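This is what each chain is made of:
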Amino acid sequence: MADKAKSSVEAIFPLSYMQQGLLLHHLSSKLDQGFLNTECTLTGDFKLSFFKESCAFITKRHEVLRSTIHWKNLEKPLHVIHKTKTIEVECLDWFNLSEIEKNANWEQLKKTQLEIGAQLESGALLKIIVVQFSKNQNKILWPMHHILLDGWSGGIILKDLFTVYDYLYKGETPQLVTLPNYKAYLKWKNGLPEEKVKTFWANYLHNFKLAKLFSIQSVSNHEVDETIDNSFDLPEQETNQIKSYCKRNKITINTLMQCIWSLVIAKYFNTPDVIHGSTVSGRSGDFPNIDLLAGMFMNVQPVRGEIDENLNFSNWFQKMQKFHFEARNFEYLNLDKLYSYINWSENSALFDSLLVFENYPPAEAQDKVLKVSNVKSGFTSTYPVTLAILPGVVTNFVLTTDAKHVDSDTSNWIIEALKSSIALITSEEVINYKELSKEIPSPKVSATKNIKGTNTPKLTAYEAPNNKTELIITQIWENILGINQIGVNDNYFEIGGKSLLAIKIFSLINNKLKTKLPVTALLEYPTISKLSNHILSDENGKSWEYLVPIRSTGENNPLFCIHGGGGYVIFFNPLVKILNKNIPVYALQAAGLNGKEKIHDSITNMAIDYAKEIKEVQPKGPYNLLTYCFSPAVGIEIANIFKTEGEETNLIVIDSIIKQEDFTSPERIIMRINGLINRLIKNPFSALKLLIVNNYLRFIEPTIIRFFASKSKRNLEKITHNLVKIYVNYGWNKKHTDDVLLILTEKADKKLNPIYIESWKGITNGDVKVVYTTGKHHQLFEAPHVASVAKHIEKSIYNI
């Protein structure tokens, strides 16, 4: 069977970047945007036998018709070309139906084929339905999928089909130009030099910093993908006005429409520098007969609209057209390669709106036995906003929007802005953007209220990464999707993940983790936890015991927060919400909190374990360590470990004395008694309450917990007691060799802070910088005082 299967295969190829995105969308979305129903009307003498013979001829001629797509149990999805395949021709006779019935049945037939969907594994292009409407009129319905065929290619195949039919009908042997094969095309493409294309895109996108995206808006809670179409036509008179304007200014209609789309987006986002995507045929190279080859060659290129509001439109349009002509040389370049060439480091794509200008070669024919007319195939897009323009005697515009990201107000505004811009520019009532902008009203508040906000993904209860692999995957997901705190059990598709972004994500995962995962793995493993488990073996998939990622994304070196005397770290969360988002934050919690790990028997051993997990996240320094309450000793030990490896540590100490036993010195006892007396004089009720509560927590509650509390409560008390013990037993025989930032509260006893400061100066070889913050010791990680603490930490990290 294996030999038989192998012998039936002509060639096997990997999927292109665009094909991978379409495959993932096909498998993950209830609304398959890659599916197309191509239709046309045939007028003339239709002979079924000639038609079937023509189908057999073009199936042999065009290898894409013999193609299937496979992904199950494969390392990467594959495009397989078979030696033989047969197009199934289904005939329906509606001759005797009324016009109303015919039209209704035709719409239902298209709907049924959409529901059936594309059979990628057996052949998505291998069925044609012929419906007889009258004696000399038939209609063709050809279900297909964009993963194999672009709009240009569909026209090529239909043209060949009816050219062959014409030859056969006349009793002649079909005479068509010999086609190159796909293998030869890939060899040509892969042999192209990279330097020129790198330079072109680097120059073109130089200094582009911030992508303006429709997808950051969330205007509905649609659980199911839903797109909304809005269309309008420019009548012949206005279309002729467009043609005349373009002729006068020596630009193409495509150039004009690309520029106007840039102007509309710029007005919507209120920025002079925008990028949108534009579909290109992918056929502009010097590969022989590329214009006759059928397949998925269509590509998307970024079009940048850098707008000088005072520059005359005519000059700007010609400048834009020059780019279009230059960019045609690189239509073959996939977006993933382009991103790598320009080192695009933003959290998202360059653009998420698309302009489709349909200038495919016509498939219609009036000089054949069968006259072909009314060819329609529609278009597909996975972008939130897509504008399709169909030029002709009348210009047709179709705006397709994703209901999750674009509401009706926005759609209506875009359409009206387009109409007005076209009319004002082509009539030359305005000559630059400054004048145009005054004539186009700004979008309504309802349409833009969420632009500066973030999407509202369907997140589960947050669960942090448990190991290095989960952390890396989390960082990649959060960077690409632009979402903070994605939990390891959040489903990629439910939090708004898109197919093309998934390709970028898996490219980064494979690069970072040295894996070879296909993007389709996301279907089986749609969460970080499942994906990580799939990647890892038991040995290298061991979870962290102490490290807790609170925020894993950010460009700066992380801040590592060491637990206080209770061992837990959840109280750091308010700090993370206030800190600059470019600072990743991790916490280190005490061993034993889940009842499984063995608790540490010394500060030294604790520091060794903590340092090891810190270095898994950040292999090289300098390191930012935050200590609080009982953790200064751990911080000093960790800093000394890093020092022996030649690394520096920025030690940040939050309102903590160097040795807790300093509180038991005779001087400190006298100070504490004086402090209690002063508090009793000022507010006796409050002072007594605080005294009773503190002594209850210190002496009575531990005994109650030991005998009567739950297992988890007893375990926490055991950890707290152990931390105090190993802290007291710590020798304090090491000094901190780097600088210290000491953040102190203003205390009622004015003699106390100097003791804190002197204790740190006595154990620090570097400088001790002292700053003050609001609040009391136990309030420092709560609002409003946490804001002041965060500000001091940021200054320390940024060395301000």
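Residues numbered from 1 in each chain as written. Predicted model: local features only at pLDDT ≥ 70, side-chain atom pairs only at ≥ 80, totals over all residues. Heavy atoms only, no water.

Participant: Teacher, can you tell me more about the overall build of the chain here?
Facilitator: Within the chain, the regular secondary structure consists of 26 helices and 21 strands. Counting only carbon and sulfur atoms, one obtains 52% of the accessible surface of the chain, whose full area is about 38,700 Å². (Helix = DSSP H or I, 4+ residues; strand = E, 2+ residues; numbered from the N terminus. Areas by Shrake-Rupley, 256 points an atom, 1.4 Å probe, with all protein chains shown as cover.)

Participant: Explain the sheet that holds strand S11 (residues 353-357) here, please?
Facilitator: An order of S8-S14-S13-S11-S9-S10 is seen for the 6 strands of this open sheet, with the pairing classed as mixed. Among the strands making up the open sheet, the edge pair consists of strand S8 (227-234) and strand S10 (299-306). In this sheet, adjacent strand axes meet at a mean angle of 25 degrees when their direction is disregarded. (Pairing = 2+ DSSP bridges. Axes fitted to C-alpha atoms, helices over the stretch in contact; angles between N-to-C directions.)

Participant: Any chance you could explain the packing of helix H15 (residues 468-481) against helix H16 (residues 499-513) here in plain terms?
Facilitator: The description of two helices packed together rests on the angle between their axes and the distance between the axes. Where H15 contacts H16, the two axes come as close as 10 Å, and the packing angle between them is 145 degrees. Once H15 is placed against H16, the crossing between them reads as right-handed. Between H15, through Thr 469, Ile 472, Ile 473, Ile 476, Trp 477, Ile 480 and Leu 481, and H16, the contact on the second element is made entirely by Leu 501, Lys 504, Ile 505, Leu 508, Ile 509, Lys 512 and Leu 513. The residue makeup of the contact of H15 with H16, split by class, is 11 nonpolar, 1 polar and 2 charged. (Left-handed = near helix turned anticlockwise from the far one by under 90°. Contact = heavy atoms within 4.5 Å. Nonpolar A, V, L, I, M, F, W, Y, C, P; charged D, E, K, R; others polar.)

Participant: Explain the packing of aromatic side chains here, please?
Facilitator: Two numbers describe a pair of aromatic rings. These are the distance of the centres and the angle of the planes. Taken as a whole, this structure holds 45 aromatic pairs when the rule is applied. Each ring, one from Phe 50 and one from Tyr 169, has its centre 6.0 Å from the other, and the planes form 75 degrees; the classification is edge-to-face. Taken as a pair, Phe 50 in helix H3 (residues 48-61) and Tyr 169 in helix H5 (residues 151-169) lie far apart in primary sequence, 119 residues in all. Centre to centre, the rings of Tyr 623 and Phe 642 are 4.0 Å apart; their planes meet at 20 degrees, and the pair counts as stacked. With Tyr 623 in strand S18 (residues 623-628) and Phe 642 in helix H21 (residues 632-644), this residue pair connects regions lying 19 residues apart in the sequence. (Phe/Tyr/Trp six-rings, centres within 6.5 Å; stacked < 30°, edge-to-face > 60°.)

Participant: Hey, could you run me through helix H10 (residues 313-327) in this one?
Facilitator: Between its first and last C-alpha, H10 extends 21 Å over 15 residues, near the 21 Å set by a 1.5 Å rise per residue. Among the structural elements, helix H7 (195-204), helix H8 (236-249), helix H9 (253-269), S10, helix H12 (408-426) and helix H13 (433-439) are those in contact with the buried residues of H10. A side-chain oxygen of the first residue of H10 lies 2.8 Å from the backbone nitrogen of Ser 314; this N-cap is Asn 312. (Expected span 1.5 Å × (residues − 1). Polar contact = N/O pair within 3.5 Å; in protein donor to acceptor, adjacent residues only side chain to side chain.)

Participant: Honestly, the nonpolar core in this entry has me stumped. Any pointers?
Facilitator: Across soluble globular proteins, nonpolar side chains show a tendency to be buried alongside one another. Core analysis: the biggest nonpolar cluster contains 155 residues, and Phe 51, Trp 201, Phe 313, Leu 350, Ile 425 and Trp 477 have the highest contact counts within it. In this structure, Ile 425 is in contact with Tyr 245, Leu 256, Ile 260, Leu 263, Phe 313, Phe 317, Val 430 and Leu 436, ignoring residues within four places of it in sequence. Counting residues in each nonpolar core, the second largest holds 43 residues, with Leu 471, Leu 588, Ile 614 and Val 634 among its members. (Core = buried A, V, L, I, M, F, W, Y, C linked by side-chain atoms within 4.5 Å. Buried < 20%, exposed > 50% of the residue type's maximum accessible area, 1.4 Å probe, protein only.)

Participant: So what exactly am I meant to see when it comes to the sheet that holds strand S17 (residues 585-588) here?
Facilitator: Either a parallel or an antiparallel arrangement is found when strands of a sheet pair, and the pairing is made through backbone hydrogen bonds. Pairing is mixed in the open sheet, where 7 strands are placed in the order S15-S17-S16-S18-S19-S20-S21. Looking at which strands have only one partner, the edges of the open sheet turn out to be strand S15 (547-551) and strand S21 (768-773). When strand polarity is set aside, the average angle formed by the axes of neighbouring strands in this sheet is 25 degrees. Strand direction decides the pairing type here: S15 and S17, joined by 4 bridges, are antiparallel. Each bridged residue has a counterpart across the sheet, and for Val 548 the counterpart in S17 is Ala 587. Packing against the sheet, H21 makes contact with strand S16 (559-562), S18 and strand S19 (649-654), and its axis sits at approximately 160 degrees to S18.

Participant: Help me out: how do you make sense of the pairing of S19 in this one?
Facilitator: Along a regular strand, successive side chains alternate from one face of the sheet to the other. Extensive coverage of S19 is indicated by the burial of 6 of its 6 residues. Of the two faces of S19, the one carrying Thr 649, Leu 651 and Val 653 and the one carrying Asn 650, Ile 652 and Ile 654 are both buried. Two elements, S18 and S19, share 6 bridges in a ladder whose sense is parallel. Directly across from Tyr 623, in S19, lies its bridge partner Thr 649. Handedness of the crossover is the feature at issue here: the chain leaves S18, passes through H21, returns alongside S19, and the resulting connection is right-handed. Two strands pair when backbone bridges link them, and S19 and strand S20 (residues 740-745) are joined in this way by 4 bridges, in the parallel orientation. When the bridges of S20 are listed, Ile 652 appears paired with Leu 741. (Right-handed = clockwise from strand over helix to strand, strands pointing away.)

Participant: I tried to follow the pairing of S20 on my own but got confused; where do I start?
Facilitator: Along S20, 6 of the 6 residues are buried, which leaves the element largely enclosed by surrounding structure. The alternating pattern of S20 places Val 740, Leu 742 and Leu 744 and Leu 741, Ile 743 and Thr 745 on opposite faces, both of which are buried. Examined bridge by bridge, S20 and S21 share 6 bridges and lie parallel to one another. Across the sheet, Ile 743 pairs through a bridge with Val 771, a residue of S21. Where the polypeptide runs from S20 across helix H25 (residues 752-761) and back to S21, its parallel neighbour, the crossover connection is right-handed.

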